[in-house]
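One letter stands for each residue in the lines below.
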Amino acid sequence: MKKSLLLLLAAGSLAATGYTQDIKEKEVARVIGTLAADDMQGRYPGTPGIEKAAQFISSEFEKAGIQPLPGEKTFLQEFGKFSLKTSSVSLTVSGELKDWPVVAVGTGRSFDWEKDSSYNVAYANEPAELMKILRDPAAVQKNTLVWVGADMAGYISNIAASFSERSYDTKSELEAVPPAEKQIILVFGKEPVADTASWSIHLRREVTSQHFANVAGMIKGSTKPDEFVIFSGHYDHLGILPSEAGDSIANGADDDASGTTAVIMLSKYFKKHPPKRSVIFVAFTAEESGGHGSRYFSEHQDPDKVVAMFNIEMIGKESKFGKNSAFITGYERSSFGPILQRNLKGSSFTFHPDPYPEQNLFYRSDNATLARQGVPAHTISTTQIDKDHFYHTVRDELSTLDIKNITDIIKAIAISAGTIVNGTDTPTRIEKASLKK
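Residues numbered from 1 in each chain as written. Predicted model: local features only at pLDDT ≥ 70, side-chain atom pairs only at ≥ 80, totals over all residues. Heavy atoms only, no water.

J.: Residues and numbers for the overall build of the chain, please.
T.: Each helix and strand counted, the chain has 12 helices and 17 strands in total. Taking 22 Å as the expected radius of gyration for a compact globule of 437 residues, we find that the chain reaches 23 Å, a close match to that expectation. Within the chain, counting contacts between residues at least 6 apart in sequence, those at least 24 apart form 85% of the total. (Helix = DSSP H or I, 4+ residues; strand = E, 2+ residues; numbered from the N terminus. Rg over C-alpha atoms; globule rule 2.2 N^0.38 Å. Contact = heavy atoms within 4.5 Å.)

Below is the structure:
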């Protein structure tokens, strides 16, 4: 980091430096607004909406003047996965056909269930109740129908990705997984169902292939081209959810159009201020449906050459520490956080350790795969995850975000990363033994 920049930081204002004048609030608003617009349809993998988002991110990388990854002709890093998808479903409750979401757990293909004594019925109105059932399938003594409360609808995509539509690299790998002896079906009811009600479920699933694409580009380092620093965020979201007040599009403005916007803005910033280490900018797909994008990307990196990963997730609102602040997951696991904070000495911005250790956020975002290989890979965030009522709902809209605060966070990341990107600092590696949950 240049001495002049440190002197400017001592004045306490990030916005005052010429180094960050090219990260403009108006541009930040434009990029987030485009990614979180209704015509992106919630950016769910396999939809025209996410393809449109990928093309937009590619166009922004092209404007920045960065290059595709080695071996790629475009900014799209494409791959495929196989999973089981529901091809047909019929749910009847007390003789009435219902359009409620139905999710079959595991790898069963065909279900024809009618209420009788051979089936168990359970109820889950809280996440903990549902997770207790899903995480201990061996405890299920009979085929079990779980009536899931209407308030849990926002969890459908996550549950499908982890327990129903889990993806595999090959079709044969999926087909080799035997169905559980006892099956579980989840019904996300839109209204309570009486114990005495009759019901029937007829569901079929088939193996399908799905196309995915990360969007990635890079700037080759001037003096240390074989050492890499990664800036990342995920650009997918949940797509279409059950309607609330006539709105069914999960726009994902904070989660994670905000982080993706940061990646785009940082690509433009570092192109204007060329790095000594090579820098990769990547927008991951399919974070919400199982972290497939970051896993594929990470498998194609040499972890010994990755110096650090700045994963940026949900920076759209003020953190619990106030404005001009953010937290870093796994802060205590490497010297990454202290380096960033030292580079901001004298400014009004502060980085903090993760205040929500019980949420296990270090393992729940796209930094986890490389972190498990020892890379100082951390997520920077401001989300107040314990009380964010917009999280994973159709209300995660542009209007809920603080654009100025987002802009200040991006500037802080740009400045605090300076010594890492330019080869002066190298964060300590994460001890692999420390990654056991």
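J.: An account of the layout of surface pockets is needed here, citing residue identities and associated values.
T.: In this model, the second largest pocket occupies a volume close to 490 Å³. Every residue lining the second largest pocket is counted, 18 residues in all, and those nearest its centre are Tyr-44, Ile-156, Ser-157, Glu-165 and Ile-240. Elements that contribute at least two residues to the lining of the second largest pocket include exactly strand 2 (76–93), strand 4 (102–105), helix 5 (156–164) and strand 11 (239–244). Here the residues of the lining of the second largest pocket sort into 10 nonpolar, six polar and two charged. (1 Å grid on protein atoms, 1.4 Å probe; cavity = no way out; pocket = protein on both sides within 12 Å on 5 of 7 lines; lining within 4 Å. Points joined across faces, edges and corners; volume = space filled by probe spheres on them. Nonpolar A, V, L, I, M, F, W, Y, C, P; charged D, E, K, R; others polar.)

J.: How would you explain the nonpolar core if you had to name every residue and give the values?
T.: One finds Phe-231, Phe-281 and Phe-310 to be the most contacted residues of the largest nonpolar core, which totals 62 residues. Residue contributions to this core peak at nine residues, all from helix 7 (residues 253–272). What Phe-231 contacts, discounting residues up to four positions off in sequence, is Val-263, Leu-266, Phe-270, Val-279, Ile-280, Phe-281, Val-282, Phe-310, Ile-413, Ala-417 and Val-421. Residues Ile-230, Val-282, Phe-284 and Phe-297 belong to the second largest nonpolar core, which totals 18 residues. (Core = buried A, V, L, I, M, F, W, Y, C linked by side-chain atoms within 4.5 Å. Buried < 20%, exposed > 50% of the residue type's maximum accessible area, 1.4 Å probe, protein only.)

J.: Residue-level account of the environment of Glu-181, with values.
T.: With respect to the element layout, Glu-181 can be found in the loop between helix 6 (171–175) and strand 8 (184–188). A C-alpha to C-alpha distance of 35 Å links Glu-181 and Phe-284, two positions 103 residues apart in sequence.

J.: Talk me through the confidence of the model for the chain; I want residue IDs and the actual numbers.
T.: Per-residue pLDDT for the chain has a mean of 90; in total, 94% of the residues score no lower than 70. Low pLDDT, under 50, characterises residues 1–19; the stretch is placed with 37 contacts to residues that sit more than four places away or in other chains. (pLDDT = per-residue confidence, 0-100.)

J.: I'd like to hear about the pattern of salt bridges, residue by residue, with values.
T.: As enumerated under the stated definition, the model contains 21 salt bridges in all. Of the charged contacts, one joins Glu-191 and Lys-98 as a salt bridge, the two residues approaching to 3.4 Å between their closest N and O atoms. Residue Glu-191 is found in the loop between strand 8 and strand 9 (199–219), and its partner Lys-98 is found in strand 3 (residues 96–98); the two are separated by 93 residues along the sequence. Look at the salt bridges and you will find they share partners, linking Glu-27, Arg-30, Glu-60, Lys-63 and Lys-268 into a network. (Salt bridge = Lys/Arg side-chain N within 4 Å of Asp/Glu carboxyl O.)

J.: Account for the sheet that holds strand 4, naming residues and giving values.
T.: The strand order across the open sheet formed by four strands is 4-8-7-6, and the pairing between neighbours is mixed. The open sheet has two free edges, formed respectively by strand 4 and strand 6 (119–124), since each of these has just one partner strand. Taken pair by pair, the neighbouring strands of this sheet meet at an average axis angle of 20°, ignoring direction. Relative to strand 8, strand 7 (residues 143–148) runs parallel, the two being bridged by five bridges. If you follow Thr-144 over to strand 8, its bridge partner there is Ile-184. In this fold helix 4 (residues 127–134) packs onto strand 4, strand 6, strand 7 and strand 8, with an angle of close to 145° to the strand it touches most, strand 6. Along the sheet, helix 5 contacts strand 4 and strand 8; its crossing angle with strand 4, the most-contacted strand, is approximately 25°. (Pairing = 2+ DSSP bridges. Axes fitted to C-alpha atoms, helices over the stretch in contact; angles between N-to-C directions.)

J.: Outline the pairing of strand 10 (residues 224–234), supporting the account with residue identities and numerical values.
T.: Sheet topology note: the strand 10/strand 13 (residues 277–284) ladder contains eight bridges and is parallel. The residue of strand 13 that forms the bridge with Phe-228 is Ser-278. Alignment of strand 10 against strand 14 (residues 306–312), held across five bridges, turns out to be parallel. Each bridged residue has a counterpart across the sheet, and for Ser-232 the counterpart in strand 14 is Asn-311.

J.: If you had to explain unusual backbone geometry to someone new, which residues and values would you point to?
T.: Between Asp-255 and Asp-256 the backbone carries a cis peptide bond, its omega angle lying at 0°. For Asp-256, the position within the fold is in helix 7. Positive phi outside glycine occurs at Gln-41, with the angle close to 55°. Unusually for a residue other than glycine, Arg-43 sits at a positive phi of about 50°. A relative accessible area of 1% means that Arg-43 is categorised as buried.

J.: A description of helix 9 (residues 336–343) should follow, citing residues and the corresponding values.
T.: Within helix 9 the residues assigned to the buried category are Phe-336, Gly-337, Ile-339, Leu-340 and Asn-343. End-on view of helix 9: buried residues confined to an arc of 160°, all on one side of the axis. (Arc of directions from axis to C-beta.)

J.: Provide a residue-level description of the packing of helix 2 (residues 25–35) against helix 3 (residues 48–64), including the pertinent values.
T.: The interhelical angle for the contact between helix 2 and helix 3, taken along N-to-C directions, is 155°, at an axis separation of 10 Å. One way to sum up the angle between helix 2 and helix 3 is to call them roughly antiparallel. Between helix 2 and helix 3, the residues in contact are Arg-30, Val-31, Thr-34 and Leu-35 and Ala-53, Phe-56, Ile-57, Glu-60 and Lys-63, respectively. The residue inventory of the contact of helix 2 with helix 3, partitioned by class, reads five nonpolar, one polar and three charged. (Parallel < 35°, antiparallel > 145°, perpendicular 65-115°, else oblique.)

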